[in-house]
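Structural overview for review
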Amino acid sequence: MNLTIAILIGVIAGTHISTWGMYKDSMHEGFTWPKYLRSVVVGSILGGILGVVTGMDLSRPAGMVVFFGLVYAFERVTLELWKGFIREEDQSKYFIPMQFGVGGKPIKDRRIRWSAGVAVVALLVVSVLGVAVLQRAYPDLPAWLVLITIGSFGGWLTAFGGAWKDAPVEGFETFKFFRSPGVSLFWAIILAFFTENWLYLGIGAAGYSVATIETYKTFFFPSKPRGKFAGKPILYPKMMRARHYFVPVYVTIWLLILGTYALAFQQPHGGLLGDPPQESVSRSDLLVF
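Reading guide: rules and limits
Residues numbered from 1 in each chain as written. Predicted model: local features only at pLDDT ≥ 70, side-chain atom pairs only at ≥ 80, totals over all residues. Heavy atoms only, no water. pLDDT = per-residue confidence, 0-100. Contact = heavy atoms within 4.5 Å. Core = buried A, V, L, I, M, F, W, Y, C linked by side-chain atoms within 4.5 Å. Buried < 20%, exposed > 50% of the residue type's maximum accessible area, 1.4 Å probe, protein only. Helix = DSSP H or I, 4+ residues; strand = E, 2+ residues; numbered from the N terminus. Phe/Tyr/Trp six-rings, centres within 6.5 Å; stacked < 30°, edge-to-face > 60°. Salt bridge = Lys/Arg side-chain N within 4 Å of Asp/Glu carboxyl O.

1. Quick word on the confidence of the model for the protein
Chain-level pLDDT for the protein is 90 on average; 94% of the residues reach the 70-or-more range. Under a pLDDT of 50 for its full length, residues 277–289 has, in the predicted model, 36 contacts with residues more than four places off or in other chains.

Written out as structure tokens, the structure is:
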């Protein structure tokens, strides 16, 4: 049953990601079901893997809300690594290239891109292992210090990665740079009521940060094209209307998330800011990319 819940949460997270991605891109790229379902499939696979590796108890709302953030973050990292370093695609259709590049110019040499990708993965692995080691070495650090460092760490990685890709083309935006760490810190504070595991806290907060910021950019500014398509023509105008049929699905997922949080707060919950935990989180130091 725990594995089934993990896979289901992965499907929900993937559907959430697929929907905002489709809503922003479909008028430029068109719509196909295989592309829409890509994140759904990846999310379900990662949900199953993370369910086994972490051993989290997903029968309780507290475990569900933390796990959703984990799956969301891992799905985003997996797809962005694939798009940035592995996928071969014509970058001329983008205003901001999606492939890894330097100074806003994509690197065509596959060997260089793959080497850079390996370096990024190594950095992520070292970061994850480093957090696990730090928690074992200094388990009694003040909660506020853990939150402003580990809690916002995923947001800082997103901010620097986004600045590397976007700033050479559209210029550096101070608000945009600090937005991800700030939103990650907010979600870390919320998650700290349900987990005392620093890894789950940092990674989960990063996942919710992406979900929140993409919702804001997509649905609060629906007529503003994504940065990567700025100035590009709308090739599929019919999608301007058809994409609205997916909005109820997206809203329903947010309602499920918020409802699960409400249930989690009503039950006893252990965490950095919650009640004393009943038992330690199992296999926390095995969570690796």
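2. Points about the nonpolar core
Phe67, Tyr72, Phe194, Tyr208 and Tyr261 are the most contacted members of the largest nonpolar core, which totals 49 residues. If you list the elements that add at least two residues to this core, you get α1 (2–29), α2 (33–54), α3 (61–86), α4 (110–137), α5 (143–170), α6 (174–191), α7 (198–219) and α9 (247–266). Residue contacts for Tyr72: discarding those within four places in its chain leaves Ala13, His16, Ile17, Trp20, Gly207, Val210 and Ala211. Judged by nonpolar contacts, the second largest core, of five residues, contains Leu81, Phe100, Ile107 and Ala116.

3. Remarks on the packing of aromatic side chains
Overall, the coordinates contain 27 aromatic pairs when judged by the stated rule. A centroid spacing of 5.7 Å and a plane angle of 65° characterise the contact between Tyr208 and Tyr261, whose relative ring orientation is edge-to-face. Here Tyr208, found in helix α7, pairs with Tyr261, found in helix α9; they are 53 residues apart in sequence, far enough to count as distant. Considered together, Tyr208 and Tyr261 belong to a single accessibility category, that of buried residues.

4. Some words on the pattern of salt bridges
Under the counting rule described, the total for this entry stands at 16 salt bridges. Arg76 is the partner of Glu80 in a salt bridge, and the nearest nitrogen-oxygen pair spans 3.3 Å. Linking Glu80 with Arg76, this pair stays in helix α3, spanning four residues, or about one helical turn. The partly exposed category is assigned to Glu80, whose relative accessible area is 37%. Of the charged contacts, one joins Glu80 and Lys83 as a salt bridge, the two residues approaching to 3.2 Å between their closest N and O atoms. Within this pair, Glu80 and its partner Lys83 are both found in helix α3, separated by three residues, close to a single helical turn. Within the structure, one salt-bridge network assembled from shared partners comprises Glu29, Lys35, Arg87, Glu89 and Lys93.

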